[in-house]
Structures are given as C-alpha cells and as structure tokens.
Amino acid sequence: MSSLINKLYPSNHKTIFVLDHSPYFGISSDYPIELDPTDKSRGPGFIPIAPIFKSLWTSTIEAVFEYCRIVWDLFPDRKLIRVILSDVQAQSLNSWSQEEQNLVHCMYSLTSIGSHPPRQNADCSMMYGLCSALEAMCEPSALQSEKLKQDPGTPTKHNTSSGSGTGESTSKILNRCRIVAVTSVVEPGGVDKLKSHFHSELQRINKIAATSEHMFPIATCHLVIINVFPCSSKHAPTLYSMQHAETPVSALLSTELHCVKAGPELSNKLSHLIQLHYDLASTTVTGIPMKEEQNANSSANYDVEIFHPSEVHAALLKGKINQTKFMQHYSKVISRTWLLYAPRSRANHTIRSRCGGARRAPAWRRCMR
C-alpha cells in the first residue's frame, strides 16, 4: 500500500531547500583550491601561487544549484524545487510557477538579496526559512490543483476534516513533500531543538490550513538536515557521530541528519541524496579523449557522469545476480571506459569498450538511450 502511495503521490513532487544565510556561513570552508598547475615547469625564482578557499556559503550554494540543475534537466515538469534563504527573515528565490523553475531565475534572485547580515546581528534563525517553507508547501502546485479539480471526492475546501494538524485530508490527494535544511550546528542539542520547533510549526500550520480556502494541508513531510562545517573543524568526529538515517518522529514527520565537510564532501553527499530522492543511478563514462580531431596523439582525457533512472542499470544487469549485488553495494554507480579508434572521421566515430572488442554505437547515442 505504501509503495502505491509513493507512486501516486511522490514526496519528491515538491522539494524546498532552506539555506542558512547567517554571517557564520561567510567563514572559510578551509578546503584549498590550488591555482598552481602541477605540470608547469618551475624555473629559478619561481614563486608558487597560494591556494584560495571558498566560504561555507559558496560551497553550499554551488552544491545546491547543481542538485537543482540535475533535477530540472531530467524532470522539466512535475518535479518542483524552491530555494529559501534564512537569516533575519526568510527570502525565497523562486515560486512553484514553472517559469521560475530554472537556475537563471534563481541566480538572478540571489544577486538581488546581497551579502550576509552584519555579524553583530544576533537575530538570525533557520526557523524563519523553515516556517516559510512549510507555508509554501501548503500552496498547491499546478499539478495538484489540476488533480483536485478532477477528484470527485474533493469538497469545496481541500482541507483536513478534523483540523487537528494530522494531515488526514477529506480529499483523495495527498500533499507529501520534502524539505532539505542546510545549516551548521555544533551541539547535538541544537539539532534536536530544531527538529522539535519544526514539528510544532508543522502542526500549527496544518491547523491553519484546515480552515483556509487556499492552503493544502501537508500529509507527510520528510525533513533532511545537512550539517555543514569547515574542513579543519576539531568537532568533526563528534559531528559525524550525530548522523542518523530517516527516522519517523510522528505520522506527519520523518527526519534524517547528515554531517559533512564543506567542499567536495558536500557535493558528493548531495549527489548521493539526489539518487535516493528521485530513484536515479549514475553511469560514468571515462577516458573520453579531448580534441581528438586536432591532436590525436594527446593523452588528455576527461570523464562524464550521467544521471538517469535506476531502471537502466536493472536492464543492463538483468539476470546477473552477482553484478546486481555489487552495484547496490557501491551506490548504484557503474563506471565504463571507452576507447576511440580509427576510422576517425567526424561523421563516423566508432567506439569500443576496453573490456571487450565489440563495436558499439557512438557514445552520445548510448548516453541518450
């Protein structure tokens, strides 16, 4: 029954990222980015270029926008994402409107918000953004509004019958959603306090939605907390021990906690979560030659990671039990290496796998299938 509900009313239809925009996120991530090329000849008197460090905020916004880009590329409609910044108030970068479901709009909105509030301002709180996210989740999307009109059992008000905040709706449409909160908390008690306040606000807003003509009560909410900290943090062992998988808090709410260092670890975590949230898998095509037309003897290669529905891997490994278990153990990632060989005309690139000599279709065609 639960699998049928997940299919009919997926929690990934509406996702909101709530990003901590407090002054703390202006500090360095302590992850060095080397600007000095390793293959450059070092003559006498050569002065190496010092590495640079991104802030926690830059690392966060880059990773979140990459998550959004992948979702919007794979699901142009029906999968909606909003981004809300939280400091002394909640500031939304976009709405549920299809015209605002793109990176261009979000980046333009981000430029109008500006930098973090002054450091001496002590009124910053994640709850501003989380409360705004809950209110936004009660706004029906275009698809939900369409289904509500088609639902013969829907009364004039699509609200809860009891008003108790349980999310049990008189409508057959279930408003299931996911909120991803990216913040930085050192003390374990701070995370528990955040969950408790969020749960109380969820119940309060559902009661308001029960008496509103324009709000759609939340049936279930999945709260994902990503606790980001600098790479040099001395609290890393303690923070890692705080992590936990998805845990039900009530019939309305389930939560999970991830603690990650800013930089590649944060990006990799979101790449892992996007596969879980949207039932995706990843195929990495490696060893793709650069500028094969101009410099055929060059050994410079690059890799491309492709996200796609997980059913693709199931089809590839059909009947191969051992490989299927191997794939599941390694987070659904399969890596393939391709070798380009003659004839090399632009109109007729032929590719073969290094693990087998059979001719195969061009890489771009295989990737699109």
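Everything here concerns the structure above.
First, a word on scope: everything that follows refers to the structure included in this document. (Residues numbered from 1 in each chain as written. Predicted model: local features only at pLDDT ≥ 70, side-chain atom pairs only at ≥ 80, totals over all residues. Heavy atoms only, no water.)

1. Concerning the overall build of the protein
- Of regular secondary structure, the protein possesses 11 helices and 14 strands.
- Within the span of the protein, comprising 369 residues, buried residues form 43% of the whole. (Helix = DSSP H or I, 4+ residues; strand = E, 2+ residues; numbered from the N terminus. Buried < 20%, exposed > 50% of the residue type's maximum accessible area, 1.4 Å probe, protein only.)

2. Looking at the sheet that holds strand β5 (residues 90-92)
- With respect to topology, seven strands assemble into an open sheet ordered β5-β4-β1-β6-β7-β9-β8, the strand pairing being mixed. Edge positions in the sheet fall to β5 and β8 (244-248), since each has one partner strand and no second. The average angle at which neighbouring strand axes cross in this sheet is 20°, direction not considered.
- The pairing of strand β1 (residues 14-20) with strand β6 (residues 176-183) spans five bridges and is classified as parallel. By the bridge assignment for β6, Leu 19 is matched with Val 182. (Pairing = 2+ DSSP bridges. Axes fitted to C-alpha atoms, helices over the stretch in contact; angles between N-to-C directions.)

3. With respect to the pattern of salt bridges
- Tallying each qualifying case throughout the model produces five salt bridges.
- Residue Arg 69 is joined to Glu 66 by a salt bridge in which the shortest nitrogen-to-oxygen separation is 2.7 Å. Highlighted residues: Arg 69 and Glu 66, both in helix α2 (residues 56-74), separated by three residues, approximately one helical turn.
- By relative accessible area, Glu 66 is classed as partly exposed at 35%.
- Ionic pairing is found between Glu 139 and Arg 82, a salt bridge with its closest N-O pair at 3.5 Å. Here the residue Glu 139 occupies a position in the loop between α4 (126-137) and α5 (142-150), and Arg 82 occupies one in strand β4 (residues 80-86), the gap between them amounting to 57 residues.
- Residues joined by salt bridges that share partners form a network here, namely Glu 66, Arg 69 and Asp 73. (Salt bridge = Lys/Arg side-chain N within 4 Å of Asp/Glu carboxyl O.)

4. Overview of the nonpolar core
- With 37 residues, the main nonpolar core has Ile 16, Leu 130, Ile 179, Phe 198, Ile 218 and Cys 221 as its most contacted residues.
- Those elements that place two or more of their residues in this core are β1, β4, α4, β6, α6 (188-210), β7 (220-229), α7 (236-241) and β9 (253-261).
- Here this core takes eight residues from α4, the largest share from any one element.
- Apart from residues no more than four positions distant in its own chain, Cys 221 is found in contact with Cys 177, Ile 179, Phe 198, Leu 202, Leu 252, Leu 253 and Ser 254.
- Ile 61, Leu 110, Leu 270 and Tyr 278 belong to the second-largest nonpolar core, a separate cluster that totals 35 residues. (Core = buried A, V, L, I, M, F, W, Y, C linked by side-chain atoms within 4.5 Å. Contact = heavy atoms within 4.5 Å.)

5. Remarks on a nonpolar patch on the surface
- Side chains of Leu 35, Ile 49 and Ile 52 sit close together on the surface and give an oily, nonpolar patch of about 250 Å² of accessible area.
- What makes Leu 35 partly exposed here is its relative accessible area of 43%. (Patch = residues over 30% accessible without salt bridge, like charges linked within 9 Å, V, L, I, M, F, W, Y side chains within 5 Å. Areas by Shrake-Rupley, 256 points an atom, 1.4 Å probe, with all protein chains shown as cover.)

6. Focus on unusual backbone geometry
- For Asp 30, which is not glycine, the phi dihedral falls at a positive 65°.
- Among the secondary structure elements, Asp 30 is positioned in strand β2 (residues 28-33).
- By relative accessible area, Asp 30 is classed as partly exposed at 31%.
- For Arg 78, which is not glycine, the phi dihedral falls at a positive 75°.
- With respect to the helices and strands, Arg 78 occurs in the loop between α2 and β4.

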